[in-house]
Amino acid sequence: MQQSYNCYFVKFYQNNLNSKEGILAKEYLKKFNLENNIMEFNTSSATVEEAAKALNCEEKEIAKTLSFLVNDEVILIVVEGDKKIDNAKYKAEFNTKAKMIPYDDVENYTGHKPGGVCPFGVKENVKVYLDESLKRFDIIYPACGSSNSAVKLTIAELEKTSNYEKWVDVCKDV
């Protein structure tokens, strides 16, 4: 049943390639032949809870991408869906207090609207970090540039496509 579920969303994606929102991420992933892993939904997947419902998976399997400013540099940290930033660990890693990008500025800094932020097709000079919390999964589901999309990836595929700087340990349980 899961396969036919995924096939529906792949077909939906392929029929909606001209959707403007998320096109940078989708086009970027095509370079890695991962367009068949992209899913778009008729409902919002902007939050971890919504994405897990749309994908029929657990919230921890969602790879949420958090956006921060570090000394005027934009960084994205991809973390397990049911984790949150541990301020002490963050400060130890980045030598500054965690400062999330304000909601209204996210698209300007990253290239993606809130709810669709992902490490694919981001603006130049955005640094991507992957949190250690993701390593326990075989498959994860990050957003794909829009508030109603996701992409099914292995950790190796995430590493390959995200152009990440390094793995970090900056999270804790919610």
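As a starting point, this report considers the structure included with it. (Residues numbered from 1 in each chain as written. Predicted model: local features only at pLDDT ≥ 70, side-chain atom pairs only at ≥ 80, totals over all residues. Heavy atoms only, no water.)

## Side note on the overall build of the protein
A count of helical and extended segments in the protein gives six helices and 10 strands. Counting all 174 residues of the protein, 47% fall into the buried class. Intrachain contacts of the protein at a sequence separation of at least 6 include 65% that bridge at least 24 residues. Carbon together with sulfur atoms contributes 44% to the accessible area of the protein, which is approximately 9200 Å² in total. (Helix = DSSP H or I, 4+ residues; strand = E, 2+ residues; numbered from the N terminus. Buried < 20%, exposed > 50% of the residue type's maximum accessible area, 1.4 Å probe, protein only. Contact = heavy atoms within 4.5 Å. Areas by Shrake-Rupley, 256 points an atom, 1.4 Å probe, with all protein chains shown as cover.)

## Looking at unusual backbone geometry
Even without being glycine, N71 reaches a positive phi, approximately 50°. In this structure, N71 sits in the loop between β2 (62-70) and β3 (73-80). Judged by its relative accessible area of 63%, N71 is exposed. Of note in this structure, D72 is not a glycine but carries a positive phi near 70°. Along the chain, D72 turns up in the loop between β2 and β3.

## Concerning the sheet that holds strand β9 (residues 166-168)
With mixed pairing, six strands are arranged side by side in an open sheet as β8-β6-β2-β3-β5-β9. The two strands at the open ends of the sheet, each matched to only one other strand, are β8 (153-154) and β9. The sheet contact formed by β2 and strand β6 (residues 139-142) spans two bridges and is parallel. Each residue of the ladder has a partner; that of I62, found in β6, is Y141. Against the sheet, helix α3 (residues 48-55) touches β2 and β6, its axis set at about 155° to β2. (Pairing = 2+ DSSP bridges. Axes fitted to C-alpha atoms, helices over the stretch in contact; angles between N-to-C directions.)

## Some points on the environment of L24
Within the secondary structure, L24 sits in helix α2 (residues 23-30). Taking the C-alpha atoms as reference points, L24 and G145, 121 residues apart in sequence, are found 7.2 Å from one another. Excluding residues that lie within four positions of it along the chain, L24 makes contacts with G111, H112 and G121.

## Focus: the environment of G121
Among the structural elements, G121 can be located in the loop between α5 (106-110) and β5 (127-131). With 97 residues separating them along the chain, G121 and L24 place their C-alpha atoms 4.9 Å apart. Residues in contact with G121, not counting those within four places in the same chain, are L24, A25, Y28 and H112.

## Some details on the pattern of salt bridges
Applying the stated criterion to the full structure yields 10 salt bridges. Ionic pairing is found between K26 and E40, a salt bridge with its closest N-O pair at 2.8 Å. Separated by 14 residues along the polypeptide, K26 in helix α2 and E40 in strand β1 (residues 38-40) bring together distant segments of the chain. Between K60 and E58 there is a salt bridge, and its shortest N-O distance comes to 3.6 Å. Classification of E58 by relative accessible area gives partly exposed; the value is 47%. (Salt bridge = Lys/Arg side-chain N within 4 Å of Asp/Glu carboxyl O.)

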